[in-house]
Amino acid sequence: MCDAPIILKSLIYMKKIAYIRVSTPEQRHDRQVEGLKAVCDELHVETLSATAAKRPVYDAVFDMLMPGDMLVVWDLDRAFRSVVDALTEAEKLRSRGVHFQIANLNIDTSTPAGIFVYTMLSALAEFERRTLSQRTKEGLKAARKRGARIGRPPVMNECQVRQARDLIEKHGMTKAGAARRMGVQRWTLARSLERERGSLCH
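From a predicted model like this one, the values you see are computed outputs, not experimental measurements.

Points about the pairing of strand β3 (residues 70-73)
Of the two faces of β3, the one carrying Met70 and Val72 and the one carrying Leu71 and Val73 are both buried. As paired strands, strand β1 (residues 16-22) and β3 are joined by 3 bridges and run parallel to one another. Looking across to β3, one finds that Lys16 is bridged to Met70. Both β3 and strand β4 (residues 99-102) contribute to a ladder of 4 bridges, which runs parallel. Each bridged residue has a counterpart across the sheet, and for Val72 the counterpart in β4 is Gln101. Following the chain from β3 across helix α3 (residues 83-95) to the adjacent parallel β4, one finds a crossover that is right-handed.

Quick word on the sheet that holds β4
Taken in spatial order, the 5 strands line up as β2-β1-β3-β4-β5 in an open sheet, and their pairing is mixed. Unpaired on one side and paired on the other, β2 (42-47) and β5 (107-108) mark the two borders of the sheet.

A look at helix α2 (residues 56-64)
For α2, the complete set of buried residues consists of Tyr58, Val61 and Phe62. Taken end-on, α2 shows its buried residues confined to a sector of 100°, consistent with a single buried face. Opposite the buried face of α2, at more than 90 degrees from it, the exposed residues are Pro56 and Asp63.

A few points about a nonpolar patch on the surface
Taken together, Phe116, Val117 and Met120 make up a surface patch of nonpolar side chains, about 280 Å² in accessible area. Turning to its location among the elements, Val117 is positioned in helix α4 (residues 112-145). Residue classification places Val117 among the partly exposed positions, given a relative accessible area of 32%.

Describing the packing of helix α5 (residues 158-169) against helix α6 (residues 175-182)
Two numbers describe how α5 lies on α6: the axes approach to 9 Å, and their chain directions differ by 140°. Here α5 lies oblique to α6, going by the angle between them. The interaxial crossing formed by α5 with α6 has right-handed handedness. Of the residues in α6, those in contact with Gln160, Gln163, Ala164, Leu167 and Ile168 of α5 are Lys175, Ala178, Arg181 and Met182. Per-class residue counts for the contact of α5 with α6 are 5 nonpolar, 2 polar and 2 charged.

Observations concerning the environment of Ile115
Its location among the elements puts Ile115 in helix α4. Measuring from C-alpha to C-alpha, the distance between Ile115 and Leu87 comes to 9.6 Å, with 28 residues separating the pair along the chain. Other than its neighbours up to four places away in sequence, Ile115 contacts Arg94, Asp108 and Thr109.

Comments concerning the pattern of salt bridges
Scanning the entire structure with this criterion turns up 6 salt bridges. Between Glu91 and Arg94 there is a salt bridge, with the nearest N and O atoms lying 2.5 Å from each other. Here Arg94 and Glu91 lie together in helix α3, a separation of 3 residues that amounts to about one turn. In this structure, Lys170 and Asp166 form a salt bridge, with 3.8 Å as the shortest nitrogen-oxygen distance.

What about the layout of surface pockets?
For the largest pocket, the calculated volume is near 370 Å³. Counting residues per element, the lining of the largest pocket draws most heavily on α4, at 4 residues. Across the lining of the largest pocket, the residue classes tally to 7 nonpolar, 3 polar and 7 charged.

Comments concerning empty space enclosed by the protein
Counted by the stated rule, this structure contains 1 cavity of 30 Å³ or more. Quantified by volume, the largest cavity comes out at close to 50 Å³. The wall of the largest cavity is formed by Leu76, Asp77, Phe80, Ser82, Val83, Ala86, Ser122, Ala125, Glu126 and Arg129. Among the secondary structure elements, those contributing two or more residues to the lining of the largest cavity are α3 and α4.

How each quantity is defined
- Residues numbered from 1 in each chain as written.
- Predicted model: local features only at pLDDT ≥ 70, side-chain atom pairs only at ≥ 80, totals over all residues.
- Heavy atoms only, no water.
- Buried < 20%, exposed > 50% of the residue type's maximum accessible area, 1.4 Å probe, protein only.
- Helix = DSSP H or I, 4+ residues; strand = E, 2+ residues; numbered from the N terminus.
- Pairing = 2+ DSSP bridges.
- Right-handed = clockwise from strand over helix to strand, strands pointing away.
- Arc of directions from axis to C-beta.
- Patch = residues over 30% accessible without salt bridge, like charges linked within 9 Å, V, L, I, M, F, W, Y side chains within 5 Å.
- Areas by Shrake-Rupley, 256 points an atom, 1.4 Å probe, with all protein chains shown as cover.
- Salt bridge = Lys/Arg side-chain N within 4 Å of Asp/Glu carboxyl O.
- Axes fitted to C-alpha atoms, helices over the stretch in contact; angles between N-to-C directions.
- Parallel < 35°, antiparallel > 145°, perpendicular 65-115°, else oblique.
- Left-handed = near helix turned anticlockwise from the far one by under 90°.
- Contact = heavy atoms within 4.5 Å.
- Nonpolar A, V, L, I, M, F, W, Y, C, P; charged D, E, K, R; others polar.
- 1 Å grid on protein atoms, 1.4 Å probe; cavity = no way out; pocket = protein on both sides within 12 Å on 5 of 7 lines; lining within 4 Å.
- Points joined across faces, edges and corners; volume = space filled by probe spheres on them.

Laid out in structure tokens, this is it:
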């Protein structure tokens with residue numbers, strides 16, 4: 001007989017669960033996956049803007065976390081919207097005995113030093129995001145003052161719009177027929193005609 005029990009397995013197992021977010025389907029999440037798959041037990045990917053009101057995948061991951069587990073993200077801005085959001089979520093995790101790790105910086109909230117650095121990084125990330133947003137707005141405002149067109153170029157140029165208007169006004173063709181003749185959608189033609197009418201009024 002054995003003098004003492006043989007412990008085959010730790011009574012507490014910390015599971016590392018990764019949350020990966022990309023803003024649009026066109027964005028690649030390969031870098032995040034490659035960085036996290038070797039150190040995490042599970043990977044959960046969400047395609048959603050950081051400013052979205054609801055994040056179903058993140059909420060599901062949050063609910064499945066157990067005391068002793070660790071939520072892992074590759075970059076800070078891949079998980080949270082703002083400093084307030086980041087600190088609030090980190091506090092929720094800590095209250096449940098769950099740790100949080102930023103993998104590419106090797107920082108987690110399981111130590112006082114980690115919590116301090118995490119708070120600092122959250123503030124810096126928010127400052128950078130707001131600065132970039134402000135610069136973008138200022139750049140767009142300056143471009144508009146210079147008369148630059150903001151956004152995608154129109155599908156139809158001025159010559160094509162005039163041709164379409166001639167088909168409608170001089171030849172009695174419907175907008176749908178003129179759109180087919182010009183090789184565009186009806187709503188595209190209608191919008192182009194409206195834009196031309198607005199420019200003439202100015």
